[in-house]
Amino acid sequence: MTASTRRTVLSLYMRVFRIARTWQTQSGVTSDTETERKYILQEARTLFRHNQQLTDQESIKRCIEECEARIEIGLHYRNPYPRATYLPPMGLATQKGRKLRAQQRLRKQAKPIYLQSHDET
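Residues numbered from 1 in each chain as written. Predicted model: local features only at pLDDT ≥ 70, side-chain atom pairs only at ≥ 80, totals over all residues. Heavy atoms only, no water.

Per an unreviewed UniProt entry, the protein goes by LYR motif containing 1 and derives from Dicentrarchus labrax. Recorded in UniProt for the protein, the comment headed Sequence similarities (unreviewed entry) runs: "Belongs to the complex I LYR family." (UniProt positions renumbered as here; feature names shortened; annotations may be inferred.)

Right, dumping it as structure tokens:
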């Protein structure tokens, strides 16, 4: 990891922690605010630790883009949880063989950048 990449990653990590410290829910309920703050901190720690061993510059760049996208979406919608993924038409139909592989490819293409770190469901 280059020095500039390391600096970018650390600044994103600190930015997430600053956001969590000042986070307020839309409802204004204290218990909801605490729950969402804990979620933000837990999610950041989990994802940053999971990706800590990455050495490939492309994968690091994708993770940085995902982090920035999730921050912007969370701040814009005032919701720290990932937004839903919209599947293409017939994306959930049960098929076998070639059609199943085609559907899996469509699902993979439909997955937005801010959900790349989440496991397939």
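Attention now goes to the environment of R70. Within the secondary structure, R70 is located in helix α3 (residues 57-77). Residue classification places R70 among the buried residues on the basis of a relative accessible area of 16%. Residues R70 and P80, spaced ten residues apart in sequence, show a C-alpha to C-alpha distance of 8.1 Å. (Helix = DSSP H or I, 4+ residues; strand = E, 2+ residues; numbered from the N terminus. Buried < 20%, exposed > 50% of the residue type's maximum accessible area, 1.4 Å probe, protein only.)

Across its 21 residues, α3 extends 30 Å between first and last C-alpha, which sits within 8% of the 30 Å expected from 1.5 Å per residue. Contacts made by the buried residues of α3 are with α1 (3-22) and α2 (30-50). Phi turns positive, to about 55°, at R78, one or two residues after α3. (Expected span 1.5 Å × (residues − 1). Contact = heavy atoms within 4.5 Å.)

Another aspect to go through is the layout of surface pockets. Estimates place the volume of the largest pocket at around 800 Å³. The wall of the largest pocket is formed by 35 residues, among which Y13, A44, L47, F48 and C67 lie closest to the centre. Every element with two or more residues in the lining of the largest pocket is listed here: α1, α2 and α3. Here the element with the most residues in the lining of the largest pocket is α3; it accounts for ten residues. A breakdown of the residues in the lining of the largest pocket according to their chemical character gives 25 nonpolar, five polar and five charged. (1 Å grid on protein atoms, 1.4 Å probe; cavity = no way out; pocket = protein on both sides within 12 Å on 5 of 7 lines; lining within 4 Å. Points joined across faces, edges and corners; volume = space filled by probe spheres on them. Nonpolar A, V, L, I, M, F, W, Y, C, P; charged D, E, K, R; others polar.)

For D32, the location among the structural elements is in helix α2. Excluding residues within four positions of it along the chain, D32 makes contact with T25 and S27.

Next up on the list: the packing of aromatic side chains. Summed over all chains, the structure comprises three aromatic pairs. A centroid spacing of 4.8 Å and a plane angle of 55° characterise the contact between Y13 and F17, whose relative ring orientation is tilted. Within this pair, Y13 and its partner F17 are both found in helix α1, separated by four residues, close to a single helical turn. Among the residues examined, Y13 registers a relative accessible area of 23% and is labelled partly exposed. According to the relative accessible area criterion, F17 is buried, its value standing at 17%. Relative to Y81, the ring of Y39 lies with its centre 4.6 Å away and its plane at 50°, an arrangement referred to as tilted. A residue pair is termed long-range when its members are at least 10 positions apart, and Y39 in helix α2 and Y81 in the loop between α3 and α4 (98-110) qualify at 42 residues. What makes Y39 buried here is its relative accessible area of 16%. (Phe/Tyr/Trp six-rings, centres within 6.5 Å; stacked < 30°, edge-to-face > 60°.)

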